[in-house]
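Residue-level structural notes
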Amino acid sequence: MTWFRTLLTVILIAQGLMGCATVTVHPFSTEARLQEALKRGDIELARTIMSTLPQTEDDAELAAIREWLDRASHHLEQAMLMQAAGHLRREQWDLAQASYQRGLAVLPESEALKAARDRALTEQREHLQHLRVRLLLSQGRALTSLKPLYAQILRADPGDTQVREAVVMAEQSAIQVAAELLQLGLSAMEEADLALAMEALSLSHALSPNEAAAVAMETAQAAQSRKQAQERRAQQAQLQAQWAQRTRELFNQFQEALESKDLQTARRHLLALEQALPGDTTVRRLRRELSKAVDAEVTLGLETGRNLYLDGRILEALETWRNLQELRPDHPELQAHIHRAERVVESLRRLEPGGLSPGP
């Protein structure tokens, strides 16, 4: 299919891959229309023209053309999205929309570009609304601070006509701003933004005291109090749940340490439980279980140490008893064994090397 080779050559020219190569085609032929679309960068038109061509599955040249158009569409779409995202980061809203429009002019069916454009428009509207709210609140704060300041100046200089004119203008502005703040406060209440509602309503009432603002402010205060009480209850419930989870973990860790004979670790977990649940009957029961386990361990260790001591393995006996001392530091029999063994060790150290045997 010679004419398909011509189309492929046109595409390669459009990509700058074939230098100054030229192809002569009829100005009204399919090849000419495709070449013109590619020169203009109109990928969608090129794709439309391609859709009129025969769908020959085993035609490698036609497949190559379609594959190139798919890649070009994807790259152009991504380039426009990235360009617009860069504008949005710098809050260049108009430039971002221009990028989306350029992309959609070439790829009018791109769902990604449409969705990104719509998101950007929504973000722009929300951003503008936020700025307008800030501006209105700033105007309200400024007017509430200006009124008493103007009054002080006029008390000091009643003849200051410039300030008197400013007072008249401020009073006129205050009425308008107070009305807008009242509406803002009511809207904020409907959206459950009680902090904004309270600020807007209090400024409105300060600028132009009226019953509507006062009633709305009382309603907002009551709603805010209920919300704060709910938040406190939710926070307390969360803390209680966390505390319950922590105590369950301590119970489990205690049982695991006790079953594995790691009595020192079991004691640490029990101390934490006693601090968390003072006077708890279950914790007292665990204390008794641990005490029995410690007594059994000390009894066994005392006997083991005595056997080592009688075999002349003084250092091993001393180490055994010292380990037990961590469990029962006030055990009188254990203390006596340790002191006796320490005296023997000290005496043997005064003898010649080799006088103290660590084992058989």
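**Regarding the nonpolar core**
In terms of nonpolar packing, the biggest core is built from 25 residues, with F254, L263, L270, L290, V294, W321 and L334 touching the most fellow members. Mapped by element, the contributors of at least two residues to this core are α9 (211-259), α10 (263-276), α11 (281-310), α12 (314-325) and α13 (332-350). The biggest single contributor to this core is α11, with seven residues. Within the second largest apolar cluster, 20 residues are counted, among which are L143, V163, V177 and A178.

**Re the pattern of salt bridges**
Counted by the stated rule, this structure contains ten salt bridges. Ionic pairing is found between R141 and E199, a salt bridge with its closest N-O pair at 2.5 Å. Here E199 lies in helix α8 (residues 194-207) and R141 lies in helix α6 (residues 111-156), a separation of 58 residues in the sequence. Note on E199: relative accessible area 28%, which makes it partly exposed. Residue R285 is joined to E289 by a salt bridge in which the shortest nitrogen-to-oxygen separation is 2.6 Å. Linking R285 with E289, this pair stays in helix α11, spanning four residues, or about one helical turn.

**A few points about α11**
An α-helix turns once per 3.6 residues; consequently, residues spaced three or four apart project the same way. Helix length check: α11, at 30 residues, gives a terminal C-alpha distance of 44 Å against a target of 44 Å (1.5 Å per residue), a fit within 8%. Regarding α11, the residues found buried are V283, L286, L290, V294, V298, G301, L302, G305 and L308. Buried residues in α11 make contact with α9, α10, α12 and α13. Capping of α11 at its N-terminal end is provided by D280; its side-chain oxygen lies 3.0 Å from the backbone amide nitrogen of T282. Immediately beyond the C-terminal end of α11, within one or two residues, lies G312, with a positive phi of roughly 85 degrees.

**A short note on α12**
In this model, α12 (twelve residues) spans 16 Å end to end at C-alpha, consistent with the 16 Å of a helix rising 1.5 Å per residue. By the burial criterion, the buried members of α12 are I314, A317, L318, W321 and L324. Down the axis of α12, the buried side of the element spans an arc of 120 degrees, and every buried residue falls inside it. Check the buried side of α12 and you find it contacts α11 and α13.

**Digging into the confidence of the model for the protein chain**
Here the protein chain averages 81 in pLDDT, and 79% of its residues register 70 or above. Here helix α1 (residues 2-14) stands out as the element of the protein chain with the lowest mean pLDDT, 44, in contrast to α6, whose mean of 92 is the highest. Segment residues 1-27 is flagged for pLDDT under 50; beyond a separation of four residues in sequence, or across chains, it makes 40 contacts in the model.

**Considering the packing of helix α7 (residues 161-190) against α8**
Where α7 meets α8, the axes come as close as 8 Å, and the angle between the chain directions of the two elements is 155 degrees. Classified by the angle their axes make, α7 and α8 are roughly antiparallel. Note that α7 runs across α8; the crossing there is left-handed. Contacts from A174, V177, A178, L181, L182, L184, G185, L186, A188 and M189 of α7 reach α8 at L196, A197, A200, L201, L203, S204 and L207. Of the residues belonging to the contact of α7 with α8, the class tally is 15 nonpolar, two polar and no charged.

**Topic: the environment of M217**
Along the chain, M217 turns up in helix α9. Relative accessible area serves as the criterion here: at 16%, M217 is assigned to the buried category. With 16 residues separating them in the primary sequence, M217 and L201 have C-alpha atoms 5.8 Å apart. Setting aside residues no more than four positions away along its own chain, M217 makes contact with M198, L201, S202 and H205.

**Examining the packing of aromatic side chains**
Centre-to-centre distance and the angle between the planes together describe a pair of aromatic rings. Counting across every chain of the model gives one aromatic pair. Seen in terms of ring centroids, Y309 and W321 are 6.1 Å apart; in terms of plane orientation they differ by 35 degrees. Their pairing is tilted. Of the two residues, Y309 sits in helix α11 while W321 sits in helix α12, which places them twelve residues apart along the sequence. Judged by relative accessible area, Y309 falls into the partly exposed class, the value being 21%. One cation-aromatic arrangement involves R340 over Y309; the distance from NZ or CZ to the ring centre is 5.8 Å.

**Some words on the side chain of T247**
As for its position among the elements, T247 is in helix α9. By relative accessible area, which is 9% here, T247 ends up buried. Polar contacts involving the side chain of T247 include one to the main-chain carbonyl oxygen of A244, which spans 2.7 Å. If near-sequence neighbours (up to four positions away) are discounted, T247 is found in contact with L273, A276 and L277.

**Focus: unusual backbone geometry**
Positive phi outside glycine occurs at E91, with the angle close to 60 degrees. Its place among the elements puts E91 in the loop between α4 (60-89) and α5 (93-106). The phi torsion at A192 lies on the positive side, around 65 degrees, for a residue other than glycine. Position of A192 relative to the elements: it lies in the loop between α7 and α8. Overall, the relative accessible area of 49% leaves A192 in the partly exposed class.

Calculation notes
- Residues numbered from 1 in each chain as written.
- Predicted model: local features only at pLDDT ≥ 70, side-chain atom pairs only at ≥ 80, totals over all residues.
- Heavy atoms only, no water.
- Core = buried A, V, L, I, M, F, W, Y, C linked by side-chain atoms within 4.5 Å.
- Buried < 20%, exposed > 50% of the residue type's maximum accessible area, 1.4 Å probe, protein only.
- Helix = DSSP H or I, 4+ residues; strand = E, 2+ residues; numbered from the N terminus.
- Salt bridge = Lys/Arg side-chain N within 4 Å of Asp/Glu carboxyl O.
- Expected span 1.5 Å × (residues − 1).
- Contact = heavy atoms within 4.5 Å.
- Polar contact = N/O pair within 3.5 Å; in protein donor to acceptor, adjacent residues only side chain to side chain.
- Arc of directions from axis to C-beta.
- pLDDT = per-residue confidence, 0-100.
- Axes fitted to C-alpha atoms, helices over the stretch in contact; angles between N-to-C directions.
- Parallel < 35°, antiparallel > 145°, perpendicular 65-115°, else oblique.
- Left-handed = near helix turned anticlockwise from the far one by under 90°.
- Nonpolar A, V, L, I, M, F, W, Y, C, P; charged D, E, K, R; others polar.
- Phe/Tyr/Trp six-rings, centres within 6.5 Å; stacked < 30°, edge-to-face > 60°.
- Lys NZ or Arg CZ within 6 Å of the ring centre and 35° of its normal.

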